[in-house]
Amino acid sequence: MYDNPLEEAARQAQICNACRYCEGYCAVFPAMHMERAFGEADLVQLANLCHNCQNCYSACQYTAPHEFDLNLPGVLAEVRQESWEEAAFPAALGRAFHRSGTMLALALIVGFALLFLAARNLPGDEEGFYAVLSHNAMVAIFLPAFILPLMALGVSLRRYWKRIGGAPIRLSHVTDAFGSAATMRNLAGGHGDGCNFQDEDRFSHARRAMHQAVMYGFLLCFASTSVATVMHYAFNMPAPYGLFSPPKLLGVTGGILLCLGTLGLLRLKTMGRPELQAPEVRGGEFGFILLLFTVSASGLLLYVLGSTPALEPLLALHLGTVLTFFVLTPYSKMAHGFFRLAALVRDAQRKRG
């Protein structure tokens, strides 16, 4: 929407700083009101604190048709997107996903799924999933697919931290940031009634609840995999596991939360106002939500239908989506969680410093 988002964000922030009507809405405004002028580091930090809840836009008296033409959520969304692309390693992959995310994710899922279907001819070594593809083969495929994207994400976060002028991190900064993230505090609205992302005349906690469902669902699924790894290697207890085993209880609960959360976010995204978001990257955002839903839904179906002839195609689909998720993590909106956490750490430094 803007030829120079940073320059436009600085203009709008100066006007917001003079008005201060939205001071209590979220972490953006207290951080903004600490400044008198806005450099690049300040604007990138503010953009990554913003949840795009749009409360400030609905309350603002200076939006179009006023001559000030403020659209703070929209311009911060563009600055935020630019900051992710600038920090991505390599940057070209970040730009590619955010411009054509749905098609790229779909192509990778299909490609990886076909490869896993072809790999079913390799000899399995145990029962269940491992009768289709051996445990060693899965480890050989997924371990580098997990570690290498994390390394790329680490490079991106280091670039981002340097760009916003981050200081040495203390434990108190981290605990404050995780507290904000765990409760999605900034999606509660300054009045505690939630945000009006989907309807400017009605406040709701729906978006906050859906974000929490996705976050905790993902963490439970990660915990399931971690517990299963410990059971396999430390206690010689290989899969498959029963329903009331820790991996299954964590994984099924997490999968259900992920399905509900992604479907809810997809619905809210279609109801949102595109002009208050970064319009060029909506494809990537929809692609990421659909990818997470496919990961969780295929995992649940695999558990339900794992003893039927549907095992092989479902396993290929699930492994293909999980591998696609890992590969795209540093470039998809999954990275936004890490950048948001870094912004919250930096905000904790500001509040304590």
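For the structure itself, consult the block above.
All of these numbers come straight from a predicted model, not from anything done at the bench.

**Student:** When you look at the side chain of Thr324 in this model, what are you seeing that I'm missing?
**Tutor:** Structurally, Thr324 is set in helix α12 (residues 311-328). At 3.4 Å, the side chain of Thr324 forms a polar contact with the backbone nitrogen of Ile109. Apart from residues lying up to four places away in sequence, Thr324 is in contact with Ala105, Leu108, Ile109, Phe112 and Leu291.

**Student:** Sorry, what's going on with unusual backbone geometry here?
**Tutor:** Most peptide bonds adopt trans geometry, and most residues besides glycine take a negative phi value. Following Ala64, the chain continues to Pro65 via a peptide bond in cis, the omega torsion being 15 degrees. Relative to the helices and strands, Pro65 is located in the loop between α4 (55-59) and α5 (72-87). The omega torsion of the bond from Phe89 to Pro90 falls at -10 degrees, within 30 degrees of zero and hence cis. The phi torsion at Met184 lies on the positive side, around 50 degrees, for a residue other than glycine. By secondary structure assignment, the location of Met184 is in the loop between α8 (171-183) and α9 (206-234).

**Student:** Could you clarify how one ought to interpret the pattern of salt bridges in this entry?
**Tutor:** It is possible for side chains of opposite charge to pair when their charged atoms get near one another. One pass over the structure, following the stated rule, counts 8 salt bridges. Across the pair Glu285 and Lys333 runs a salt bridge, and its minimum N-O distance is 3.5 Å. Of this pair, Glu285 sits in helix α11 (residues 282-304) while Lys333 sits in the loop between α12 and α13 (334-352), and the two are 48 residues apart along the sequence. Note on Glu285: relative accessible area 10%, which makes it buried. The exposure class assigned to Lys333 is partly exposed, which follows from its relative accessible area of 22%. Here Asp347 and Arg350 are joined by a salt bridge, their closest N and O atoms 2.9 Å apart. Taken together, the residues Asp347 and Arg350, both in helix α13 and 3 residues apart, mark about one turn of the helix. With a relative accessible area of 4%, Asp347 lands in the buried category. Exposure remark for Arg350: the relative accessible area of 23% places this residue in the partly exposed category. Within this structure, Asp176, Asp347, Arg350 and Lys351 form a network of salt bridges that share partners.

**Student:** When you look at the packing of aromatic side chains in this model, what are you seeing that I'm missing?
**Tutor:** Geometry of an aromatic ring pair is reported as the spacing of the ring centres plus the angle between the planes. The final tally for this structure, using the stated rule, is 8 aromatic pairs. Seen from their ring centres, Phe218 and Phe325 are 5.8 Å apart, and the 55 degrees between their planes marks the pair as tilted. Note that Phe218 is positioned in helix α9 and Phe325 in helix α12, a separation of 107 residues in sequence. A residue is classified by how much of its surface remains accessible, and Phe218, at 25% relative accessible area, is partly exposed. The class of Phe325 is buried, set by a relative accessible area of 6%.

**Student:** Is there a simple way to explain helix α7 (residues 135-163) in this structure?
**Tutor:** Within an α-helix, residues lying three or four positions from one another point in the same direction, as the helix has 3.6 residues per turn. Compared with the 42 Å implied by 1.5 Å per residue over 29 residues, the 42 Å span of α7 between its first and last C-alpha is a close match. Turning to α7, its buried residues number three or more, namely His135, Met138, Phe142, Ala145, Pro149, Ala152, Leu153, Ser156, Tyr160, Trp161 and Arg163. Directly beyond the C-terminal end of α7, a positive phi value near 70 degrees is found at Gly165.

What counts and what doesn't
- Residues numbered from 1 in each chain as written.
- Predicted model: local features only at pLDDT ≥ 70, side-chain atom pairs only at ≥ 80, totals over all residues.
- Heavy atoms only, no water.
- Helix = DSSP H or I, 4+ residues; strand = E, 2+ residues; numbered from the N terminus.
- Polar contact = N/O pair within 3.5 Å; in protein donor to acceptor, adjacent residues only side chain to side chain.
- Contact = heavy atoms within 4.5 Å.
- Salt bridge = Lys/Arg side-chain N within 4 Å of Asp/Glu carboxyl O.
- Buried < 20%, exposed > 50% of the residue type's maximum accessible area, 1.4 Å probe, protein only.
- Phe/Tyr/Trp six-rings, centres within 6.5 Å; stacked < 30°, edge-to-face > 60°.
- Expected span 1.5 Å × (residues − 1).

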